Amino acid sequence: MNKLALRGSLFYVRDDPFLNPPEDCAVYEPDGIIVIEGGKISGVGGAAEILPALPDDVEVRRHARSILMPGFVDAHIHYPQVEIIGSYGTQLLEWLNKYTFPTEAKFNDEAHAKRIAEFFVAELFRNGTTSASVFCTSAPGSVRAIFEAAQARNMLILAGKMMMDSHAPPAILDTAQSSYDDSKTLIERWRRRGRCLYTVTPRFALTSSPRQLELAGALMHEFADVRLQSHISENLAEIARAKELYPQREHYTDIYEYYGLLDERAIYGHGVHLSEEELRRFHETGANIAHCPTSNFFIGSGLFDIAKTKAERRPVTVGLGTDVGGGTSFSMLQTMNEAYKMAQLRKISLTAIQSFYLATLGSAQALGIADRVGTLAVGHDADIIALDPRATPLLELRSEVAESFEELLFALMICADDRAVEATYVAGEAVYLRASA
């Protein structure tokens, strides 16, 4: 079995720096080696320790300018919405009706779905994202298209058919029964193929009948290895509408919990306006949140409170999502930038270690894949990126005056974008190399 060794400075997070001393959570190795064998990490550490033990025939690939770290994990993104990124002038419910629903109807054509899926996966890799939790449309062909595009590159991806039988245009509606039947067929086909993981995907309570949510819960009960993704408490008008549709439920979170959709396998996008009681239910059930700051800013949804959500008295696991196309960038670096600004408006200063945790291990934990990706550890999948902290003239200048590695990381997450990604490796194979690399 061929081996490959990557050499450069190493950085990764191995524990939650919101709940533990940051110095105990992060690892920095100025001159390190990652050994890859059979698509997995078989060694990681200092070059002085590892190099002498490497056989002579092992290729050692240098990334001398770059920082080697785990690939980014995007906890919440909509591949059918790529075409409408940067669309003008509405908030959530208007956004869905004006832009999202008409665009998603185009994915009833599987050829269109395949074209966008290919573009989408390539764009993730160009931005250093190696795993993602992806929303498709209500068309089963949209799921096939994204799984096929990901499988062709051996990408670890989570995706599922949108379940929505209410309050949307007929062209994108299913029924409660057809959504169950289609989802079950897709689960049985894809859940153990390559690195594809199936995610049961009711869009949100506003577009699902009680019967559909009940059947989504049935799928979660029938298949122990599937995940669940949806949306919650993104926008105040959305919350008010959820109360109108489900008046018998105590709060928005109670809707999902009542139908068996709130446990450690579930991740909910946004959670901007969750009450203390709802956050307690997330903590007690192990359910997770995907923080999507660029989308929350762009659509005007509100300011997510990371400190309240991660409070030690009942912490909730939080990952980071771009939420393209409500979100405005595929770049997790730019998403960290926006998360920092949002926290500042809450009088919280996120550290670089906390931010990179959210974009790697935090998202992996929230998606239930931290045993495979999100950090650099022997036995983990070799999903690795090389980030160049001197990729642009501004970054070069900023790097010259950084007085610590953490300061350099912080400047990278604030000032960098896709141009800083020198290389992306998925299961040990280079799937993207910057033209200047």
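In what follows, the structure referred to is the one given above.
Remember, it's a predicted structure, so these values are computed and weren't measured experimentally.

## Describing the overall build of the protein
Then step 1. What the protein contains, in helices and strands, is 16 helices and 16 strands.
Then step 2. Against the compact-globule benchmark of 22 Å for 437 residues, the protein has a radius of gyration of 21 Å, which places it among compact chains.
Then step 3. Oriented by its inertia axes, the alpha-carbon framework of the protein measures out at about 65 × 45 × 40 Å.
Then step 4. Considering the protein as a whole, with its 437 residues, one finds that 62% of them fall into the buried category.
Then step 5. Summarising the internal contacts of the protein: among those between residues at least 6 apart in sequence, 75% fall at separations of at least 24.
Then step 6. With an accessible surface of roughly 16,000 Å², the protein has 50% of that area assigned to carbon and sulfur atoms.
Then step 7. In the protein, the 42 positive side-chain charges and the 57 negative ones have mean positions that sit 3 Å from each other.

## What to know about the nonpolar core
Then step 1. With 117 residues, the main nonpolar core has Tyr79, Phe120, Ile146, Val200, Tyr252 and Phe356 as its most contacted residues.
Then step 2. In this structure Val200 touches Met163, Ile187, Ala216, Leu219, Met220, Val226, Arg227, Leu228 and Gln229, once residues within four positions along its chain are discounted.
Then step 3. Of all hydrophobic cores here, the second largest spans 15 residues; its members include Leu10, Ile34, Ile41 and Tyr425.

## A word on the sheet that holds strand S16 (residues 429–433)
Then step 1. On the basis of which strands lie adjacent, the open sheet formed by seven strands has the order S3-S2-S1-S4-S14-S15-S16 and mixed pairing. Each having just a single partner strand, strand S3 (40–46) and S16 make up the two edges of the open sheet. If you compare each strand with its neighbour and ignore which way they point, the axes differ by 35° on average.
Then step 2. Contacts from helix H14 (residues 352–366) reach strand S1 (3–13), strand S2 (26–37), strand S4 (59–70) and strand S14 (384–387) within the one sheet, and its direction differs from that of S1 by about 130°.

## A word on the layout of surface pockets
Then step 1. Estimates place the volume of the largest pocket at around 190 Å³.
Then step 2. Around the largest pocket, the lining comprises 13 residues; the ones closest to its centre are Asn2, Leu4, Ile36, Gly428 and Glu429.
Then step 3. Of all the elements in the fold, those that place two or more residues in the lining of the largest pocket are S1, S2 and S16.
Then step 4. By residue class, the composition of the lining of the largest pocket is five nonpolar, four polar and four charged.
Then step 5. Its boundaries defined by the atoms lining it, the second largest pocket holds a volume of some 160 Å³.
Then step 6. Lining the second largest pocket are 15 residues, and of these Ser9, Pro30, Ala64, Arg65 and Ser66 lie nearest its centre.

## Quick word on the packing of helix H4 (residues 110–126) against helix H5 (residues 140–151)
Then step 1. As a packed pair, H4 and H5 sit with axes 8 Å apart at the nearest point and diverge in direction by 35°. The chirality of how H4 crosses H5 is right-handed. Of H5, the residues touching H4 (which contributes Glu110, Ala113, Lys114, Ala117, Glu118, Phe120 and Val121) are Gly141, Ser142, Arg144, Ala145, Ile146, Glu148, Ala149 and Ala150.
Then step 2. Residues of the contact of H4 with H5, tallied by class, amount to eight nonpolar, two polar and five charged.

## Details of the pairing of strand S9 (residues 196–202)
Then step 1. The element S9 is extensively covered by neighbouring structure, given that seven of its seven residues are classed as buried.
Then step 2. Of the two faces of S9, both are covered, the one formed by Cys196, Tyr198, Val200 and Pro202 as well as the one formed by Leu197, Thr199 and Thr201.
Then step 3. Where strand S7 (residues 156–160) meets S9, three bridges bridge the pair, whose relative direction is parallel. Bridge pairing links Ala159 to Tyr198 in S9.
Then step 4. Relative to S9, strand S8 (residues 162–163) runs parallel, the two sharing two bridges. Its bridge partner being in S9, Met162 is matched across the sheet by Thr201.
Then step 5. Between the parallel elements S8 and S9, the chain passes through helix H6 (residues 176–190) in a crossover that is right-handed.
Then step 6. Sheet analysis places S9 next to strand S10 (residues 227–232), joined by two bridges and oriented parallel. For Thr199, the partnering residue across the bridge sits in S10 and is Arg227.

What counts and what doesn't
- Residues numbered from 1 in each chain as written.
- Predicted model: local features only at pLDDT ≥ 70, side-chain atom pairs only at ≥ 80, totals over all residues.
- Heavy atoms only, no water.
- Helix = DSSP H or I, 4+ residues; strand = E, 2+ residues; numbered from the N terminus.
- Rg over C-alpha atoms; globule rule 2.2 N^0.38 Å.
- Buried < 20%, exposed > 50% of the residue type's maximum accessible area, 1.4 Å probe, protein only.
- Contact = heavy atoms within 4.5 Å.
- Areas by Shrake-Rupley, 256 points an atom, 1.4 Å probe, with all protein chains shown as cover.
- Lys, Arg positive; Asp, Glu negative; His and termini not counted.
- Charge placed at Lys NZ, Arg CZ, Asp CG, Glu CD.
- Core = buried A, V, L, I, M, F, W, Y, C linked by side-chain atoms within 4.5 Å.
- Pairing = 2+ DSSP bridges.
- Axes fitted to C-alpha atoms, helices over the stretch in contact; angles between N-to-C directions.
- 1 Å grid on protein atoms, 1.4 Å probe; cavity = no way out; pocket = protein on both sides within 12 Å on 5 of 7 lines; lining within 4 Å.
- Points joined across faces, edges and corners; volume = space filled by probe spheres on them.
- Nonpolar A, V, L, I, M, F, W, Y, C, P; charged D, E, K, R; others polar.
- Left-handed = near helix turned anticlockwise from the far one by under 90°.
- Right-handed = clockwise from strand over helix to strand, strands pointing away.

Purely spatial values, then, with no claim about function.
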